[in-house]
Amino acid sequence: MSAIENSKLTVVGAGAVGSSVAYAALIRESARHVALYDIAAARVEAEVLDLAHGSQFTGTSDIIGGADLDVTRDSHVIVITAGAAQKPGQTRTDLAGVNAGILRSLVPSLLERSPDAVFVIVTNPADVMAVVAQEVSGLPRERVFSSGTVLDTSRLRWKIAQRAGVSISSVHAHIVGEHGDTEFPLWSHATIGTVPILEWVPQDGQPKFTVEELDQIAIDVRDAAYKVIQGKGATNYAIGLSGARIVEAILEDEHAVMPVSTVLEDFHGVSGMALSVPCVVSAAGAVPIRETSFSDHELELFHHSADALREVADALR
């Protein structure tokens, strides 16, 4: 494993999500150089200036940006957040048509300027947009993927850690499938430390987890974004942090296991659709771990998720 030296990250879209990805990447020093691009010149220039003003406090990373696509040139990773924002009461799939059009016009121009880049799609509906971006780019599947359920998995682990009375890093559980309404946890593999989640005994006298409680936690995680959007208009901080974390796994060639969303090929019977499954993320991109097993019920949910997304993707072709 070898980190990419003098690395460059480009974030496309200077809205709440894109600016948060850039902000998190600067603070975490995810890349040596960070570029922020948006067609709204005044907005992106203001965001870059605001971020640059804090450079004294963010280590060695620097920030540039603007409304000229040439600021994206020679990027190692390109995170695309550009697109119409999700409104209260609106599902991610409602956004598909307009955002697919944006990606079809953007990706070829970005690829021309950064032919060796790995593309990470955050624009919603992220799974369908990953399919669109991969088809438009013609790149290998591992080099175009979405942030998937990395954030959803963080939400899940946070809720379990709170209930179990342990650190988040001690919770090993994944959300898979769609980044959206048909997502689900892989409870068959969920552990706290090495203990299966239903066998965990909390140290503070609380009762063990029940199946009903885990079902409710899954619902809360699934609907978390809607609650945040209803209260403040957008989700941005957590997706910014998770986006920066994915970038680090690529630029540091970590071979980290993350539930990102790649276009699958005969993965438990699913082909041609992007769904989140545990993947090895490195400088080469994201490669699904084919040995990932599902219970019979989880496999049904996985195929249901694929079918739901395929309807949306087929409508865009």
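Figured I'd write up the structure that's included with this text. (Residues numbered from 1 in each chain as written. Predicted model: local features only at pLDDT ≥ 70, side-chain atom pairs only at ≥ 80, totals over all residues. Heavy atoms only, no water.)

### Quick notes on the overall build of the chain
Here is step 1: Along the chain, the regular secondary structure elements total nine helices and 16 strands.
Here is step 2: The C-alpha radius of gyration of the chain comes to 19 Å, within 12% of the 20 Å expected for a compact globule of 317 residues.
Here is step 3: Across its three principal axes, the chain shows a C-alpha extent of roughly 55 × 45 × 40 Å.
Here is step 4: Looking at the chain as a whole, 52% of its 317 residues qualify as buried.
Here is step 5: A sequence separation of at least 24 residues applies to 70% of the contacts in the chain between residues at least 6 apart.
Here is step 6: Here the chain contributes 23 positively and 40 negatively charged side chains, and the mean placements of these two sets differ by 3 Å. (Helix = DSSP H or I, 4+ residues; strand = E, 2+ residues; numbered from the N terminus. Rg over C-alpha atoms; globule rule 2.2 N^0.38 Å. Buried < 20%, exposed > 50% of the residue type's maximum accessible area, 1.4 Å probe, protein only. Contact = heavy atoms within 4.5 Å. Lys, Arg positive; Asp, Glu negative; His and termini not counted. Charge placed at Lys NZ, Arg CZ, Asp CG, Glu CD.)

### Considering helix H1 (residues 16–28)
Here is step 1: Between its first and last C-alpha, H1 extends 18 Å over 13 residues, near the 18 Å set by a 1.5 Å rise per residue.
Here is step 2: Looking at the buried positions of H1, the neighbouring elements they touch are strand E1 (8–12), strand E2 (33–37), helix H2 (41–52), strand E3 (62–66), strand E4 (77–80) and helix H8 (237–251).
Here is step 3: Looking one or two residues past H1, Glu29 carries a phi angle of roughly 55°, positive in sign. (Expected span 1.5 Å × (residues − 1).)

### Topic: the packing of H1 against H8
Here is step 1: Where H1 contacts H8, the two axes come as close as 7 Å, and the packing angle between them is 55°. The orientation of H1 relative to H8 falls into the category oblique. Crossing of H1 over H8 shows right-handed handedness. Of the residues in H8, those touching H1 at Val17, Ser20, Val21, Ala24, Ala25 and Arg28 are Tyr237, Ile239, Gly240, Leu241, Ala244, Arg245 and Glu248.
Here is step 2: Looking at side-chain class alone, the contact of H1 with H8 contains eight nonpolar, two polar and three charged residues. (Axes fitted to C-alpha atoms, helices over the stretch in contact; angles between N-to-C directions. Parallel < 35°, antiparallel > 145°, perpendicular 65-115°, else oblique. Left-handed = near helix turned anticlockwise from the far one by under 90°. Nonpolar A, V, L, I, M, F, W, Y, C, P; charged D, E, K, R; others polar.)

### Considering the sheet that holds strand E7 (residues 171–172)
Here is step 1: If you walk across this open sheet you meet the three strands as E7-E10-E11, and the pairing is antiparallel. Each edge of the open sheet carries a strand with a single partner, namely E7 and strand E11 (195–196).
Here is step 2: Pairing analysis gives two bridges linking strand E10 (residues 191–192) to E11, with the strands arranged antiparallel. The residue bridging Ile192 from the neighbouring strand is Val195, located in E11. (Pairing = 2+ DSSP bridges.)

### So, the packing of aromatic side chains
Here is step 1: If you walk through the whole model with that rule in mind, you get three aromatic pairs.
Here is step 2: Judged by centre distance (5.0 Å) and plane angle (35°), the ring pair of Phe294 and Phe302 falls under tilted.
Here is step 3: The exposure class assigned to Phe302 is buried, which follows from its relative accessible area of 0%.
Here is step 4: Put simply, the rings of Phe267, Phe294 and Phe302 touch in pairs and so form one group of aromatic residues.
Here is step 5: The ring centre of Phe209 lies 4.7 Å from the NZ or CZ of Arg163, which sits over that ring. (Phe/Tyr/Trp six-rings, centres within 6.5 Å; stacked < 30°, edge-to-face > 60°. Lys NZ or Arg CZ within 6 Å of the ring centre and 35° of its normal.)

### Some remarks on helix H5 (residues 150–164)
Here is step 1: The end-to-end C-alpha separation of H5 is 21 Å, in line with the 21 Å expected for 15 residues at 1.5 Å each.
Here is step 2: Residues Val150, Leu151, Asp152, Thr153, Arg155, Leu156, Ile160, Ala161, Arg163 and Ala164 constitute the buried set of H5.
Here is step 3: Looking one or two residues past H5, Gly165 carries a phi angle of roughly 75°, positive in sign.

### A closer look at the pairing of E2
Here is step 1: When you tally the buried positions in E2, you get four out of five residues, the bulk of the element.
Here is step 2: With five bridges joining them, E1 and E2 adopt parallel strand pairing. Considered in E2, the bridge of Val11 is made with Leu36.
Here is step 3: Here E2 runs beside E3; their pairing, made up of five bridges, is parallel. When the bridges of E3 are listed, Val34 appears paired with Ile63.
Here is step 4: Crossover handedness for the path E2 to H2 to E3: right-handed. (Right-handed = clockwise from strand over helix to strand, strands pointing away.)

### Some words on the pairing of E1
Here is step 1: Of all five residues making up E1, five are buried, and the element is well covered by its neighbours.
Here is step 2: Of the two faces of E1, the one lined by Lys8, Thr10 and Val12 and the one lined by Leu9 and Val11 are each fully buried.
Here is step 3: Once you follow E1 into H1 and on to E2, the crossover reads as right-handed.
Here is step 4: Bridging between E1 and E4 involves four bridges; their strand directions are parallel. Within E4, the residue paired with Leu9 across the bridge is Val77.

### With respect to the nonpolar core
Here is step 1: By size, the foremost hydrophobic cluster in this structure holds 79 residues, and its most contacted members are Leu9, Ile80, Phe119, Met129, Phe145, Val260 and Phe302.
Here is step 2: Setting aside residues up to four positions removed in sequence, Ile80 forms contacts with Val12, Leu103, Val107, Leu110, Phe119, Val120, Ile121, Val122 and Thr123.
Here is step 3: Counting residues in each nonpolar core, the second largest holds 17 residues, with Ala161, Val171, Ala173 and Ala190 among its members. (Core = buried A, V, L, I, M, F, W, Y, C linked by side-chain atoms within 4.5 Å.)

### Some remarks on the sheet that holds strand E15 (residues 279–282)
Here is step 1: Strand order in the open sheet formed by three strands is E12-E15-E16, with antiparallel pairing between adjacent strands. Whereas interior strands pair on both sides, the edge strands pair on one side only; in this sheet they are strand E12 (256–258) and strand E16 (285–288). Pairs of neighbouring strands in the sheet enclose a mean axial angle of 35°, with direction left out of account.
Here is step 2: Pairing of E15 with E16, which is carried by four bridges, proceeds in the antiparallel orientation.

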